[in-house]
Amino acid sequence: MTNYSKEIDEYLQQLFPITRSIMGEGNRKTLKILQEIVPLEILEYPTGKDVYTWTIPKEWKIKEAWIKNSNGEKIIDMLECNLHVINYAQSINKKMSFSELKEHLHYLEKLPDAIPYRTSYYNANWGFCVSYNQYQELFKEGEEYEVYIDSKFIDGSLSIGELLIEGKSKKEYLISCYLCHPSMANDSLSGVLTAAFLAKELLAKQDQLEHSYRIVFIPETIGAVAYLATHEETMKKVKNGLVLTTCGGPGQLGYKQSLDKENSINAMIEEVFTENGIEFITYPFDIFGSDERQYSSQGFKINCVTISKDKYYEYDYYHTSLDNLDFVKGKYINETLNLYVQLIEKMDKNISYKSLYPNGEVMLSKYDLYPKTGGALLPNSNISALSIILWLLYYCDGTIDLYEISNKLQVDMQLLYNEAVILEEKLILEKN
Ligand code: ZN
């Protein structure tokens, strides 16, 4: 078990206050901080670039946003919380009545202390988000308010952080997280920090990795679309994906299934939970959610899963100012991180091999593979090395992977992997 809890807490403190969006300085600043953890390459997609049916929009630059009452007192100020202003809000500088302003105020009656999070990326709009308590205390019928938003829309670029960790095989797994949310911790910072520390773990053991890992830090939706559009061939070959989000709350662990629930990644996650004695919630695949929506689209059909700890849509503080550092802790993120590490250990060894000698049985003694004393069982198992070798040679025709064989034989995949590596070294099996 790795323990990054303390470091994660420190990065949460550092990253939480930054005003992020789908594009802009806040995202670049976030990526720069993440580069302290792992060496990310930064890709920039300019405003106006077409990516499939989407176009990279202009960058939103927000300087100030506040509301003053008739006494000239600032009653709402985004300096206190960047969720107060709608993300991508247009400029406004106007005195107006409460009834006019009211149409542009957003609040949540059921959660009176929480400031909701609202965006308007593709519709020209302006507005403020306030807690229901603020709404009741600070705004009155008949009063006049001064409303000020100083924002600009400029030609800029959409920034993506990318890291490819190459293993022995060029076959890739995708790890994706989104960094477009301003000050909220479970959605999306928990995913961002899990991805960063997962990348750090993978880099540390790169020489042992069987597969390659493509890790991307993107703005949700438009970033995934842009990345797919510019890495189409590579992405069409990705074996499986992990979409990291909402994994740092105090609540129950669970996972969202991939598009094909029979895909082995689903069973592997369940094994990891079971091996850790964790009772988990299963969320079936649906077309709502995060960037698996893009990766699962017809052209790509990547089976992606998400481990959640207080999943988006499900927890009360979702998309509000209460999704903060009182709610999310480094130790929760670290717990999820360790589950992902264990999942990847399984995914990484799940290789499809092909026999180079499919005709007749291989003469094992010629390769020094026939045990001197027959029948000895491998430690902690009810199978011998000889049986595993014979089954591997029987099954490995390039169409079946080690995980499937382990299920057929009811044998731990690690044991199969150990023997397969020997057969590969002796040039009897090759990776398919
Ligand atoms: Zn969100």
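For clarity, every value in this text was computed on a predicted model and none was experimentally measured. (Residues numbered from 1 in each chain as written. Predicted model: local features only at pLDDT ≥ 70, side-chain atom pairs only at ≥ 80, totals over all residues. Heavy atoms only, no water.)

Caption draft 1: Geometry of the sheet that holds strand 4 (residues 59–68). Pairing is antiparallel across the open sheet formed by four strands, whose spatial order is 5-4-9-6. Each having just a single partner strand, strand 5 (74–77) and strand 6 (92–97) make up the two edges of the open sheet. Neighbour to neighbour, the strand axes of the sheet diverge by 20 degrees on average, direction disregarded. Bridge analysis of strand 4 against strand 9 (residues 144–154) gives nine bridges, and the strand direction is antiparallel. Note that in strand 9 the partner of Trp 66 across the bridge is Tyr 148. (Pairing = 2+ DSSP bridges. Helix = DSSP H or I, 4+ residues; strand = E, 2+ residues; numbered from the N terminus. Axes fitted to C-alpha atoms, helices over the stretch in contact; angles between N-to-C directions.)

Caption draft 2: Molecular detail of the coordination of the zinc ion. Note on the zinc ion: its protein donors are His 181 (NE2), Asp 187 (OD) and His 319 (NE2). The metal-donor distances range over 2.0 to 2.2 Å. Read from N- to C-terminus, the donor residues coordinating the zinc ion fall into the pattern H-x5-D-x131-H. (Donors = N, O, S within 2.8 Å, 3.2 Å for Na, K, Ca; no water.)

Caption draft 3: Region of interest: the pattern of salt bridges. Per the stated rule, a full pass over the model turns up 18 salt bridges. The shortest N-O distance in the salt bridge between Glu 59 and Arg 28 comes to 2.8 Å. Remark: Arg 28 occurs in helix 2 (residues 25–34) and Glu 59 occurs in strand 4; sequence separation between them is 31 residues. With its nearest N and O atoms 2.9 Å apart, the salt bridge here joins Glu 275 to Lys 346. Note that Glu 275 is positioned in helix 8 (residues 264–275) and Lys 346 in helix 10 (residues 330–349), a separation of 71 residues in sequence. Looking at Glu 275, the relative accessible area reads 52%, which means it is exposed. Assessed through its relative accessible area of 14%, Lys 346 is described here as buried. (Salt bridge = Lys/Arg side-chain N within 4 Å of Asp/Glu carboxyl O. Buried < 20%, exposed > 50% of the residue type's maximum accessible area, 1.4 Å probe, protein only.)

Caption draft 4: Representation of the packing of helix 5 (residues 185–204) against helix 10. Relative orientation of the contacting elements helix 5 and helix 10 amounts to 45 degrees, with a least axis distance of 10 Å. For the element pair helix 5 / helix 10, the angle class is oblique. Crossing of helix 5 against helix 10: the hand is right-handed. When helix 5 is examined against helix 10, the residues Ser 190, Thr 194, Phe 197, Leu 198, Glu 201 and Leu 202 are found in contact with a partner set consisting of Ile 333, Leu 337, Tyr 340, Val 341 and Ile 344. Its residues assigned to classes, the contact of helix 5 with helix 10 shows eight nonpolar, two polar and one charged. (Parallel < 35°, antiparallel > 145°, perpendicular 65-115°, else oblique. Left-handed = near helix turned anticlockwise from the far one by under 90°. Contact = heavy atoms within 4.5 Å. Nonpolar A, V, L, I, M, F, W, Y, C, P; charged D, E, K, R; others polar.)

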